[in-house]
Amino acid sequence: MLRLCFASLLSWLVLPACSSDEDAGGEAEAESESESEAESESESESESESEPESEGCADKQPLLTDCFRGAAFADCGGTGDPVLACGGPCLWFTGGCAADGFEMACDLGATCVDNSSCPVFLSRRGAQPWDRTREMNLSVTTDPALVADRTELTCEGCGDSCGGANVCVPNQDGSQVDTATAGLPGTLVFSFDPFEGYKGGWRAELEIDPDASTARLCRIGMTDDGPYCSDGASDPSCATGGEVVLTSMPTSDADLLGLAGTLEASFADGLSIHGSFRATVEK
């Protein structure tokens, strides 16, 4: 932005050789006021530059902890279009207001790299924005009497979807490892990954919105082989219907201890996943 600053011009008048003290005092006072105004304007500009506003934010960028956070999105306010920004993790900011420390530097075009946050994010979660409502096709209820001692999920109608490492192919010891994270206010996320690593295949991610009592279950592609390309990214496959029952609806991270539930979900390709799970809190 080009900023034009106008300074007062001194008149080219020839003053009498003997000007009065009153005239000199008036000129000095005018010059002092002009200098004060210039200093005030300079200080105002300096303060404005020290607290930059993010495009889409009504005020300065908020902290991520002040936003409603999900697995792949955050709502920090704003009324603009969603933007993808990275600051450690990459997240879709639903109102166009990115949290402090996040930069909107993701190239949604043809980008292939061996390891970079943005292309890796896009290769696993696709290039379409995530928010609180997308693919929330499962209902969520609570039953305090529900008992689930361990995570034990069963897959039916696998077909080609059960290739590679995934929750439908338990680890050699029979385990189906799950971790639970919650950044309340935000969503509750369960990640089912028997192999606990970026092997070829997919992990099941269950994301619950406690306020809306809805959830989504998506198959997130995982691989430790690059390069990661953002231009050929495909959206994860998410369940089209189902139900989740929890022993309670958590209101803080402390409520995750001992949290258990059951899951029934069906996918468009014929795969269905059902069973029980118990939270293993990720620190």
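This structure is a prediction, so every number in the text was calculated from the model and none was measured. (Residues numbered from 1 in each chain as written. Predicted model: local features only at pLDDT ≥ 70, side-chain atom pairs only at ≥ 80, totals over all residues. Heavy atoms only, no water.)

Undergrad: Give me the overall build of the protein chain: which residues, what numbers.
TA: Within the protein chain, the secondary structure is distributed over 2 helices and 16 strands. Taken over 283 residues, the protein chain has a buried fraction of 36%. (Helix = DSSP H or I, 4+ residues; strand = E, 2+ residues; numbered from the N terminus. Buried < 20%, exposed > 50% of the residue type's maximum accessible area, 1.4 Å probe, protein only.)

Undergrad: Can you tell me about the state of the cysteines, naming the residues and giving the values?
TA: Counted under the stated rule, the structure contains 5 disulfides. Across a sulfur-sulfur distance of 2.0 Å, C67 and C76 are joined as a disulfide pair. When the S-S torsion is 110°, as for the bridge of C67 with C76, the disulfide is right-handed. By relative accessible area, which is 3% here, C67 ends up buried. In this structure C76 comes out as buried when scored by relative accessible area, which is 14%. Covalently, C155 is tied to C168 through a disulfide, its sulfur atoms 1.9 Å apart. Disulfide C155-C168: torsion about the S-S bond near -85°, hence left-handed. (Disulfide = S-S within 2.5 Å.)

Undergrad: Would you mind going over the packing of aromatic side chains in detail, with residue names and values included?
TA: Tallied over the entire structure, the rule returns 5 aromatic pairs. An angle of 75° between the planes, with centres 5.2 Å apart, marks the rings of F93 and F102 as edge-to-face. Three or more aromatic residues link up through ring pairs in this structure, and these residues are F190, F192 and F277. Directly above the aromatic system of W202 lies the positively charged group of R219, at a separation of 5.5 Å from the ring centroid. The positively charged end of R219 is found above the aromatic ring belonging to F267, 4.8 Å away from the centroid. (Phe/Tyr/Trp six-rings, centres within 6.5 Å; stacked < 30°, edge-to-face > 60°. Lys NZ or Arg CZ within 6 Å of the ring centre and 35° of its normal.)

Undergrad: How would you sum up the side chain of D209? Please name residues and give values.
TA: Among the structural elements, D209 can be located in strand β10 (residues 201-209). When sequence neighbours within four positions are dropped, the list of residues in contact with D209 reads F68, R132, M136, T187 and T214. (Contact = heavy atoms within 4.5 Å.)

Undergrad: I'd like a rundown of the pairing of strand β6 (residues 138-142), residues and numbers included.
TA: Here β6 pairs with strand β11 (residues 214-222) via 2 bridges, running antiparallel. Pairing of S139 across the sheet is with T214, part of β11. Here β6 pairs with strand β14 (residues 241-246) via 5 bridges, running parallel. Residue pairing in the sheet places S139 in a bridge with E243 of β14. (Pairing = 2+ DSSP bridges.)

Undergrad: Can you break down the environment of S237 residue by residue, with the values?
TA: Its place among the elements puts S237 in strand β13 (residues 237-238). Among the residues examined, S237 registers a relative accessible area of 27% and is labelled partly exposed. The spatial distance from the C-alpha of S237 to the C-alpha of F267 is 7.6 Å, given a sequence separation of 30 residues. In contact with S237, other than residues within four places in its own chain, are L217, C218, R219 and F267.

Undergrad: Tell me about the nonpolar core, residues and numbers included.
TA: Core analysis: the largest hydrophobic core is formed by 28 residues, its most contacted members being L206, L217, V244, L263 and I273. Of all elements in the fold, only β6, β7 (152-156), β9 (188-192), β10, β11, β14, β15 (260-266) and β16 (272-278) reach the threshold of two or more residues within this core. When residues of this core are assigned to their parent elements, the largest contribution, 4 residues, is made by β10. Excluding residues within four positions of it along the chain, V244 makes contact with L138, S139, V140, T141, L206, I208, A215, T262, L263 and F277. Within the second largest apolar cluster, 15 residues are counted, among which are F68, C86, W130 and M222. (Core = buried A, V, L, I, M, F, W, Y, C linked by side-chain atoms within 4.5 Å.)

Undergrad: Explain the environment of T133 residue by residue, including any values.
TA: Residue position: T133 is located in the loop between α2 (117-125) and β6. For T133, a relative accessible area of 61% translates into the label exposed. Placed 82 residues apart in sequence, T133 and A215 show a C-alpha to C-alpha distance of 8.9 Å.

Undergrad: Tell me about the pattern of salt bridges, and please be specific about residues and values.
TA: It is possible for side chains of opposite charge to pair when their charged atoms get near one another. Summed over the entire model, instances satisfying the criterion amount to 7 salt bridges. A salt bridge links R125 to E205; the shortest N-O distance between them is 2.9 Å. Of this pair, R125 sits in helix α2 while E205 sits in strand β10, and the two are 80 residues apart along the sequence. Residue classification places R125 among the buried residues on the basis of a relative accessible area of 10%. Taking relative accessible area as the criterion, E205 reaches 6% and is therefore assigned buried. As a salt-bridge pair, R132 and D211 come within 3.5 Å of each other at their nearest N and O atoms. Here R132, found in the loop between α2 and β6, pairs with D211, found in the loop between β10 and β11; they are 79 residues apart in sequence, far enough to count as distant. (Salt bridge = Lys/Arg side-chain N within 4 Å of Asp/Glu carboxyl O.)

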